[in-house]
Structures are given as C-alpha cells and as structure tokens.
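What follows is the residue order along each chain.
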Protein chains: 2
Amino acid sequence: MIEFSDVRSEDGVTRRSFSIDVAGETVPAVLWAPDGAEGPRPLVLMGHGGSQHKKTPGIRARAAQYAQRLGYATLAVDAPGHGDRISREEAEANMREVGARVTGQVASPWTPERLALMAERTRQAVLEWKAALDAVQTLDFIGDAGPVGYWGVSMGTAIGVPFVAAEPRIGCAVLGLAGLRPGAREMEAAANAITCPVEFVFQWEDAVASREHGLALFNALGSREKTLHANPGGHMEIPNFEGASWERFFKRHLSDGARAEALAAA
Amino acid sequence: MIEFSDVRSEDGVTRRSFSIDVAGETVPAVLWAPDGAEGPRPLVLMGHGGSQHKKTPGIRARAAQYAQRLGYATLAVDAPGHGDRISREEAEANMREVGARVTGQVASPWTPERLALMAERTRQAVLEWKAALDAVQTLDFIGDAGPVGYWGVSMGTAIGVPFVAAEPRIGCAVLGLAGLRPGAREMEAAANAITCPVEFVFQWEDAVASREHGLALFNALGSREKTLHANPGGHMEIPNFEGASWERFFKRHLSDGARAEALAAA
C-alpha cells in the first residue's frame, strides 16, 4: 500500500511522491500519470545517470510528454548514493566529479574499489527497482497486466542491464552511453540474458565508454530486435532527435505492439 | 523541357515516366508527385540497389507514401546497366547473381575488373543524377528553390556518396548497406566531402559489407550531423521501423527544418 507524501498537478500531469523500504534502505520514488488517470496503462521506468536524481530535467520532461501524448505512467527512483539519499553537499560534489569525468576533463580509472562499490550499488538498485515496480503495479491506474518499458543510459544502463535481464515484466528497453569492458563477466552474462527489444544509443566520442566497449555491449545483448543509434559527440550530447525516437520506440512496443498482440491473441 | 511518355494516377499520386539524354546515354526516369501538385515542393531522389530498378517495390511504396503524407515529389532513375537499360534476360541474370551475393551464398571478390566497371558506372551515374535533377527542377510543381534529399543504400550508396559530395543541392541523405574498403581513396575523399545531415543504416550481418568497413564509411562522412542505425541481420533484412525513421528524417530536414530555416531567415 503506497502512501503518497506529495501530490501535485501541472499541465494535465499528476506527480506523486512516495518512498518504499527495501533491504534496510528507504528509496525515494516519484510517479507521473495523466490527471484523473483510471484503469491500467503502459508504464515506463526511468533510471537516471550518475550524479543525477529521479527528477532530473530529462526524466521530468519525458514523463510529462509521455503522460500528455501517450497516456503513460512513468516511475523514477533515486539510485543508491543519489538524490534525496545523500546531502546536498554530497550531491554537488558528485555532480562536479561526474561532470569532469563525462566531459573527459579527468581520467576515470576503474579501480577495484570503484568497481566493487558500483557492483554493490547495482545489486541493491536491482532489488529496489523490482520492489518499486511491485508497489506501483498495485495501483488501479497502473495495474499489473500492462506492458512495462525501461529507459536508462549511462549509470541507468549499468543498473538497467542486470535489472532488465532479471525482470520478465520489462517488455522493451532504451539503453546506452555505456560499454562492456573486457572481463566484466556479470555485465556480459546479464546482457546476454536480455531478450526484449532494445534501442541502444551511443555517442561516438564518449569519454566514459569507448566505441569498442559500446559496440561490445550492444553485441552482447541477447535480444533478437536490437538497434544501435550512434551519433558524433560526447556523453552529454545525445541529439534531440533521439529523444523523439525513444518516444516512438516505447509507443511501438507499449501501445501499438501491445494492441497488436492483444488482437492476435483474441 | 521534359516530355512525359506515360502519366498515370493511383491513390492520389501521379507517376510520370520520361527519359533524359546524358553523355550519349538515354536514362529512363520516373517522377512521383501528389495528384494536381502545383508550386514548389520538397523532392527526394531515390537510388536503387544493385540488380534493382527505378520502380523497385520499396522505392515505389515510399514515393507514394511521401506524396500522400508529406506532399513530396520523388525522382528515380535506372542506374547504368540496370532496369530498362538492359534486356529482361540480363536483368534476371543480374538478380540471380546479386541475390546469391547479398545472401552470402557466393563470395564477392572485388576483382580489378569489377572495381573498374563499378567506378566507370558510378562516374556516369553521378552525371545522370545531376542532369535528371536539372530537368525536374524546371517543372513548376517542383521548382529549383526547394530542398532536395537523397535516399540510396547498397549500390545506391556507392553512387550516392560521390553524387551527394558533388551536388550542393542535396540537403540531406539516407545512405547505408555499404562500406569503405581500405585503399578506396575516391570513395573516402567523397565521403569526407559530404557535409549535409546523413542517416546511415547498416546491417550487422551484411554479407556484402563487413561491420568494420561499414563503420569506416560512417566515420569517413564529413557531416556534423550523422547518425548510424545498426541492426542485426543480413543485407536484405533492414527492419521496417527504419523505413519509418527515413520518412521522419526527410520530414525533419525537408519540411520542418526548411520551414524553421525560412523563419530564422525572415
């Protein structure tokens, strides 16, 4: 039973804030849906990037558009070590550190300590996503039958790959801005285990993930339908037309596709 | 002055057949436009693949859709050694030969003879495209001010790269299913010289062009805006959603973009 701590409406979209308790952690979450939404509808989970948070501008803008144009609900949570789970000072320090890394101003060595911390956070984040999805599927305006998509690039892919691999409720995913490093066996096995359609976006001059590693992650995806969109530019320079492409991707798989499947099954 | 040898209308689209004389060759051409079209409009040139012809099903379908949904005109010509420029028997033999090659049933050695023939045909094809574009731009329902796009994959890219590089009237191009072989200096120089937005579609298991060569051609394109769409599967297995993406690409650059530019200039 979800208790909403804050409910507000803007431009036809209602945003509900809540939190869930998972394995000793309190996870702040936010859910967008059309005003007055009733009955089941497609749901998109959006995983933010490193140093960002659940209401980062891109997620907020897409959540509103998906509600307004497609009638979808969107769920976002603060990842471990992010958003309302840390202090403002910590968040600002993270933002500076990640900002310098993604723009290539500082090298980003994959030290054993950093890899271990990321692996631990990723395992926790997968548990949290499952619990958050369980929770919102009890709501009558979402339901547990509807199709669910996942969107997350960069850290949203580092977490998204094992999550989507482990979660059969996810029917399609937008991933990208991340690579498969040689020897990253868990990531590789998770990518292999993904079977849903994937749109994988990659930036050709990404300071965080090399082309070679990005292509390796795309190639490792087990999905029969997977499409790579590669563009020139750095980690923060995904062209706007990719945002439009993500919306069509979700529409194709969560609206059109779901409807076609229902018709075929009828 | 174009003389149309055949004019017919179907589903709101008028198809006009004609031919032009270029450097001793008679080039069969076909032009689609909305019924009753008046005044200038965006134009897309579509270059067919090897063993295909100007009215190959994919081109015909897209030409009709672009006329119906976007109001565009589409021009296609038979490439040298193709379509109405050869006998039915020759066309059928080509189709068998190319069919075996693109499905990987036979190896396709780039012999010096084959490379020399292709280079000669490509040079001729570039001249023919320019002459065909000159001709249709004299028509009042196309005009010489409007934006022009190019679409062509496989052989349509082998010809399209030098054509788009040499033709400043082309404002955007869909290319793909082709690669840059090491030592193909002319192709590389032409790719470098292209500056318009390009959507480059590539099949990950293409028996004609390796991933490495495909990426090399994409990387060689001089365009600031270029986007690679890579999908699993062979040469003939481009997913349908790429067709929808091409239409949006042309709409963005020939309708929306052109309108935005006109507004900005006003």
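As a starting point, this report considers the structure included with it. (Residues numbered from 1 in each chain as written. Chains lettered and ligands numbered in written order. Predicted model: local features only at pLDDT ≥ 70, side-chain atom pairs only at ≥ 80, totals over all residues. Heavy atoms only, no water.)

1. Notes on the packing of helix 3 (residues 112–136) of chain B against helix 4 (residues 155–166) of chain B
Residue and element names in this part refer to chain B. Spelled out, the test is: For helices, the axis comes from a line fit to the C-alpha atoms of the stretch in contact; other axes are also lines fit to C-alpha atoms, and the angle between any two N-to-C directions lies between 0 and 180 degrees. Helix and strand assignments follow DSSP, with helices taken as H or I runs no shorter than four residues and strands as E runs no shorter than two, numbered in order from the N terminus. Angles are sorted into four bins: roughly parallel if under 35 degrees, roughly antiparallel if over 145, roughly perpendicular if 65 to 115, and oblique for all others. By convention the crossing between two helices is left-handed if the near helix lies anticlockwise of the far one by an angle smaller than a right angle, and right-handed if it lies clockwise. Should any heavy atoms of two residues lie within 4.5 Å, those residues are counted as being in contact.
Orientation of helix 3 relative to helix 4, taken along the N-to-C sense of each, is 55°, at an axis distance of 9 Å. Comparing their axes, helix 4 and helix 3 come out oblique. Where helix 3 crosses over helix 4, the two elements pack in a sense that is right-handed. Where helix 3 abuts helix 4, its residues Thr 122, Ala 125, Val 126, Trp 129 and Lys 130 lie against Ala 158, Ile 159, Pro 162, Phe 163 and Ala 166.

2. Overview of the interface of chain B and chain A
Put simply, the rule is: Buried area: the accessible surface (1.4 Å probe) lost by two parts on joining, summed over both. For the purposes of these results, a polar contact is taken to be a pair of N or O atoms within 3.5 Å, where, inside protein, one atom must be able to donate a hydrogen and its partner to accept one; residues adjacent in sequence count only when each atom of the pair is a side-chain atom. Ten residue types, Ala, Val, Leu, Ile, Met, Phe, Trp, Tyr, Cys and Pro, are classed as nonpolar, four, Asp, Glu, Lys and Arg, as charged, and the remainder, Gly among them, as polar.
At the junction of the two partners, chain B supplies 18 residues and chain A supplies 18 residues. For the pair chain B and chain A, the summed buried area comes to about 1,500 Å², and 57% of that belongs to carbon and sulfur atoms. Between chain B and chain A we count nine residue pairs in polar contact (both at pLDDT 80 or more) in total. For the side of chain B that touches chain A, the leading source of residues is strand 9 (residues 226–231) of chain B, giving six residues. Of the residues contributing to the side of chain B that touches chain A, the split by class is seven nonpolar, four polar and seven charged.

3. Comments concerning the environment of B:Ala67
You can see B:Ala67 is positioned in helix 1 (residues 57–70). For B:Ala67 and B:Pro34, which are 33 residues apart along the polypeptide, the C-alpha to C-alpha distance reads 5.1 Å.

4. Notes on the pattern of salt bridges
Residues and elements named next belong to chain A. Filter applied, for reference: Salt-bridge detection follows one rule: a side-chain nitrogen of Lys or Arg within 4 Å of a carboxyl oxygen of Asp or Glu. Burial classification: accessible surface area is computed with a 1.4 Å probe over protein chains only, and a residue below 20% of its type maximum counts as buried, one above 50% as exposed, and the rest as partly exposed.
Scanning all chains against the criterion turns up 24 salt bridges over all chains. The partner of Glu 225 in a salt bridge is Arg 252, and the shortest N-O contact between them spans 3.3 Å. Linking Glu 225 in the loop between helix 6 (211–220) and strand 9 (226–231) with Arg 252 in helix 7 (residues 240–265), this pair joins segments that are 27 residues apart in sequence. You can call Glu 225 partly exposed: its relative accessible area is 24%. Taking the relative accessible area as the measure of exposure, Arg 252 reaches 25% and is therefore partly exposed.

Such coordinate-based values are descriptive only and should not be taken to indicate function.
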